[in-house]
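# Structural characterization, general
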Amino acid sequence: MVPTPEEAFELLERYNQDPFHLTHGRIVGEVLRWYAADMGHADEADLWQTVGILHDLDFERWPEEHCVREEQLMREAGIDELVIRACCSHGWGLTGTPYEPESDLEKILFAADELTGLIGAAVLMRPSKSVDDLTVKSLKKKFKDKKFAAGCSRDVIQQGADRLGWDLATLMEKTIEAMRHSPSAPHGDEATGTDAADAPADAVAAAPAQHAGSAAPTRSVASSATQA
């Protein structure tokens, strides 16, 4: 069974209550839906969005078993192996998952997931607090500043670009554009409800490394940036 995006979100809510995790699932799902059309898989847009919604299904409750427990949860729910493999593959080399990203869907999830967190953190620090005026040049500066959103792995983002055969700027440009089309992404004051001037500098350095097998999920400036 391949859940619809609506069914996928209901399943996500079964194991997640934190608004950050729910919003992150929405954003990644919407980003993957945009990428499906961009990469010639428009007929699979629902599948791609479902995978994006479910990719962190287990993280809130079982962060130490990330990408391993969710395989069990989805299999118990009767979810198709294609969805299970795609979701779990984003933890390749970072968790205990045996699935290496191979398909376009898997490669995009691996590449874009971590990058959406960095973009969310960068957006919060902008006067507009909107992804709509974020530039690749500005994002590159944040990427190079290892103290900014330190929990967002630059290595994973670069590996993701390499797997796709893209340079980093291309991945950034496309993912920014995908987030501009995401209703759940930050699009200004009303969307974030947060003033960038009020964000403490040390919060930026605490952005989560969600796939490193940490003992507990970490809230960050990126969470504030992406909460609707």
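Everything below is about the structure printed above this text.
The sections below set out a description of the structure shown in this document. (Residues numbered from 1 in each chain as written. Predicted model: local features only at pLDDT ≥ 70, side-chain atom pairs only at ≥ 80, totals over all residues. Heavy atoms only, no water.)

For the chain, the helix and strand inventory stands at twelve helices and zero strands. Starting at the N terminus, the α and β elements of the chain follow one another as α-α-α-α-α-α-α-α-α-α-α-α. Buried residues in the chain amount to 55% of all 228 residues. For the chain, the proportion of contacts with a sequence separation of at least 24, taken over those separated by at least 6, is 68%. Put simply, the chain shows about 9,500 Å² of open surface, and 49% of that area lies on carbon and sulfur atoms. (Helix = DSSP H or I, 4+ residues; strand = E, 2+ residues; numbered from the N terminus. Buried < 20%, exposed > 50% of the residue type's maximum accessible area, 1.4 Å probe, protein only. Contact = heavy atoms within 4.5 Å. Areas by Shrake-Rupley, 256 points an atom, 1.4 Å probe, with all protein chains shown as cover.)

One finds Leu 32, Tyr 35, Val 51, Leu 54, Leu 118, Ile 119 and Leu 171 to be the most contacted residues of the largest nonpolar core, which totals 59 residues. Among the elements that make up this core, the one with the highest residue count is helix H6 (residues 104-124) (eleven residues). Not counting the four nearest positions on each side in its chain, Leu 54 is found in contact with Pro 3, Ala 8, Leu 11, Leu 12, Glu 70, Met 74, Ile 79, Val 83 and Cys 87. (Core = buried A, V, L, I, M, F, W, Y, C linked by side-chain atoms within 4.5 Å.)

Turning to the environment of Lys 144, a few remarks are in order. Assignment of secondary structure puts Lys 144 in helix H7 (residues 136-144). Sequence separation between Lys 144 and Arg 154 is ten residues, and the spatial gap between their C-alpha atoms is 8.5 Å.

This next bit is on a negative patch on the surface. A surface patch of negative charge is lined by Glu 6, Glu 7, Glu 10 and Glu 13. Inspection of the secondary structure puts Glu 10 in helix H1 (residues 5-15). (Patch = residues over 30% accessible without salt bridge, like charges linked within 9 Å, V, L, I, M, F, W, Y side chains within 5 Å. Salt bridge = Lys/Arg side-chain N within 4 Å of Asp/Glu carboxyl O. Lys, Arg positive; Asp, Glu negative; His and termini not counted. Charge placed at Lys NZ, Arg CZ, Asp CG, Glu CD.)

With respect to the element layout, His 90 can be found in the loop between helix H5 (81-88) and H6. A relative accessible area of 2% means that His 90 is categorised as buried. Within the structure, the side chain of His 90 is placed 3.2 Å from the side chain of Asp 56, a separation counted as a polar contact. (Polar contact = N/O pair within 3.5 Å; in protein donor to acceptor, adjacent residues only side chain to side chain.)

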